[in-house]
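Here are the chains, one letter per residue:
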Amino acid sequence: MLLKSKFKLATAIGIILSMLSLLVHLFLANYSAGGLTKGSMHMDDVLPFGPRPRPRRLWGPLRKLDHLHPFVHPSKSYAAPSKHNGFIYAKIYGGFEKIQSSICDLVAVARLLNATLVIPEIQATTRAKGISPKFKSFSYLYDEDHFIDALSNDVAVVRGLPKDLREARKKIKFPTVSPRNSATPEYYITQVLPRLVKSKVIGVIVNGGNCLQSILPASLEEFQRLRCRVAFHALRLRPQIQALGSQIVGRLRASGRPYLAYHPGLLRDTLAFHGCAELFQDIHTELIQHRRNQMIKRGTVKEQLTVDSVSRKMAGLCPIMPEEVGLLLQALKELSDLVGPEDPLALDLLQPPPPKSEKQLIEEWKRAGPRPRPLPPPPSRPFYAHEKEGWYGWIGENETEPDASPIEFRRQAHRLLWDALDYFVSVEADAFFPGFHNDGSGWPDYSSLIMGHRLYQKPSGITYRPDRKIVASLFENVSDHRYHPPRNWTIAAREHLNRSAGVEGVVSSAMLSRPVSFLSHPLPECSCRTPKSPAIQPVKDSNGRLLFGGEKECPDWMARSLAMASAKNSEPQNEDYEDELPEDDSRPGMQQESDRSDANKSSEQDEEMDPDD
């Protein structure tokens, strides 16, 4: 009997010790993961299974940004245009990001000139042969009906010129302009408007993606909101693209887990512009250098053909490689807890054979036997069909890139669709990581526009904005142990990523992106803050312009709506902590890098794409 009592006592003590050990492990795991937001521990943070296994500390909203909300309603003084000065039609050359930026600028220009805007023509689709006739130019990417209706109070938009003007356009009777990159409002008022009033129709050829400067005077604040209404509401992807994008997002979230979208930014034009070719190998380096040579001849690049790509990377002018992104993100994720601490492996380097003495060499030479005769030269290697198409056939033989074939034009059109899907999925992602944003080229870049859309739609969502100079120095300091970095390196990487996702990252990114593209940082004009939000110290740039903290208070009706949504999300039965904003039915689209040689296409015969064809 006494033996049984001792056995029961020992069992009870063992169970108590096991429970204490489990609680200690949970406590340590909670405070050692290095999450993105610091706060009290919730049950959400430690539940590994169930319908909502997202750890709040890593994927939840950033509290320092959750007081911002999208708001682009025009002010009371904003009235419809009172007169009609004529029609503006436009041809847009370039990839997805340039198309998106150009359309927003063109709408603002049409409003500035009190003109009717003809649906812009996307040259990547009009030049493609054999693509589906169901979708014409603009409608290949966007919902035309929604675009026209959404802008009815801002700008008159039509599908084509009236029939008599259309015939005159085919005979090249109307003037055309090719505005330089980031043209000022004064340019349109003084140079374009008089020609528009005189001819009633004027064409605009857009090559660089920015036909209107990013930072407008304070008196044109309503035009900045108009840009946001175009980009984030009027430019809705056509239903087929939206449906497939939603299906992809649904599959990514089917397991109930969050997902991170990553865009590498390894684009040929950008790499050539910054001189990053030597980071790659063989034919890729030659292709990038070929494009750089073209830019030098056109005057786009005023440097030598070959530069030190490593020093450019250390200066933050080259993209973060996909492998490096994975290593950086490893500093945040639960993967390290899963595998546990591991010892670094010895480097598997090829060792040279030990040197041989002169006597050994003579003995080996004597044992080698009679020398064979030289072998005949091998026969000429035949060229295969796939090598005669594309860059296989020309890159090593001449300096002239061949004209695009019909199939290549079709691929360029298809690429717009893939970019639109990538854009949709990236905007909806739980987190986004750019490989190359704020590249300093003066062109709209894909990643920055995604980041601007996420900043507008859900400011508190996780969007990393890494400083590539800091990232390059981090990898330089751990070059010998990058797969098993020391703990202090992991902490430094984690701290930088956390800062880049918060207010500090928003401000530093705005310093570089806003002068190039307003849509990359649509604050403070296109956001409002809740009345009870904490006091935020305004941040200004060197010219005294607000970058953060100058948002106006949300109107009362919107504040009440947000309060009701917040109360509903905090109810116990609704455990979705993502703090979603009211559903917005707009989904814009955008982007991919284009060939600068498209600038030479503006001299093509100017024939309008007939919407009735």
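Because the structure is predicted, anything quoted here is derived from the model rather than measured.

Tallying secondary structure elements over the chain gives 23 helices and 14 strands in all. In the chain, buried positions account for 47% of the 613 residues. Per element, the accessible surface of the chain, about 32900 Å² overall, is 57% carbon and sulfur.

If you trace the backbone, Ser-460 turns up in the loop between helix H19 (446-457) and strand S10 (462-463). Overall, the relative accessible area of 5% leaves Ser-460 in the buried class. Aside from chain neighbours lying at most four places away, what touches Ser-460 is Gly-60, Pro-61, Leu-62, Leu-65 and Asp-66.

Membership of the largest hydrophobic core comes to 79 residues, with the highest contact counts inside it found for Leu-141, Tyr-142 and Phe-147. When neighbours within four sequence positions are excluded, Phe-147 is seen to be in contact with Ile-103, Val-107, Ile-119, Phe-138, Val-157, Val-230, Ala-234 and Leu-235. Counting residues in each nonpolar core, the second largest holds 28 residues, with Leu-62, Leu-332, Leu-455 and Val-506 among its members.

The geometry of two aromatic rings is summed up by the distance between their centres and the angle between their planes. Evaluation of the coordinates by the stated rule reveals ten aromatic pairs. Taken together, a centroid distance of 5.1 Å and an interplanar angle of 75° make the contact between Tyr-187 and Tyr-188 edge-to-face. The exposure class of Tyr-187 is partly exposed, given its relative accessible area of 25%. Taken together, Phe-96, Tyr-423 and Tyr-446 form an aromatic cluster joined through their ring pairs.

Attention shifts here to the state of the cysteines. The final tally for this structure, using the stated rule, is three disulfides. Residue Cys-228 pairs covalently with Cys-526 via a disulfide, S to S 1.9 Å. Because the torsion about its S-S bond is 90°, the bridge between Cys-228 and Cys-526 counts as right-handed. With Cys-228 in helix H8 (residues 221-234) and Cys-526 in the loop between helix H22 (503-513) and strand S11 (527-529), the pair connects residues that are 298 residues apart, well separated along the chain. The pair Cys-228 / Cys-526 is uniform in exposure class, with both members buried. In this model, Cys-276 is linked to Cys-318 through a disulfide, with the two sulfur atoms separated by 2.0 Å. Handedness here is read from the sign of the S-S torsion; for Cys-276 and Cys-318, about -100°, the answer is left-handed. Remark: Cys-318 occurs in the loop between helix H12 (309-314) and helix H13 (322-330) and Cys-276 occurs in the loop between helix H10 (268-274) and helix H11 (282-298); sequence separation between them is 42 residues. What connects to what in the chain, once the bonded cysteines are numbered by sequence position, is 1-4, 2-3, 5-6. Cys-104 forms no disulfide, and the closest cysteine sulfur to it belongs to Cys-228, at a distance of 8.4 Å. Given a relative accessible area of 1%, Cys-104 falls into the buried group.

This next bit is on the pattern of salt bridges. Scanning all chains against the criterion turns up 16 salt bridges. When the shortest N-O distance is used, the salt bridge between Arg-159 and Glu-144 registers 3.1 Å. One end of the pair, Arg-159, is in the loop between strand S5 (157-158) and helix H6 (163-170); the other, Glu-144, is in helix H5 (residues 144-150), with 15 residues separating them in the sequence. You can call Glu-144 buried: its relative accessible area is 17%. Arg-545 is the partner of Asp-541 in a salt bridge, and the nearest nitrogen-oxygen pair spans 3.3 Å. When salt bridges that share partners are traced, they join Glu-221, Glu-222, Arg-225 and Lys-552 into one network.

Conventions we followed
- Residues numbered from 1 in each chain as written.
- Predicted model: local features only at pLDDT ≥ 70, side-chain atom pairs only at ≥ 80, totals over all residues.
- Heavy atoms only, no water.
- Helix = DSSP H or I, 4+ residues; strand = E, 2+ residues; numbered from the N terminus.
- Buried < 20%, exposed > 50% of the residue type's maximum accessible area, 1.4 Å probe, protein only.
- Areas by Shrake-Rupley, 256 points an atom, 1.4 Å probe, with all protein chains shown as cover.
- Contact = heavy atoms within 4.5 Å.
- Core = buried A, V, L, I, M, F, W, Y, C linked by side-chain atoms within 4.5 Å.
- Phe/Tyr/Trp six-rings, centres within 6.5 Å; stacked < 30°, edge-to-face > 60°.
- Disulfide = S-S within 2.5 Å.
- Salt bridge = Lys/Arg side-chain N within 4 Å of Asp/Glu carboxyl O.

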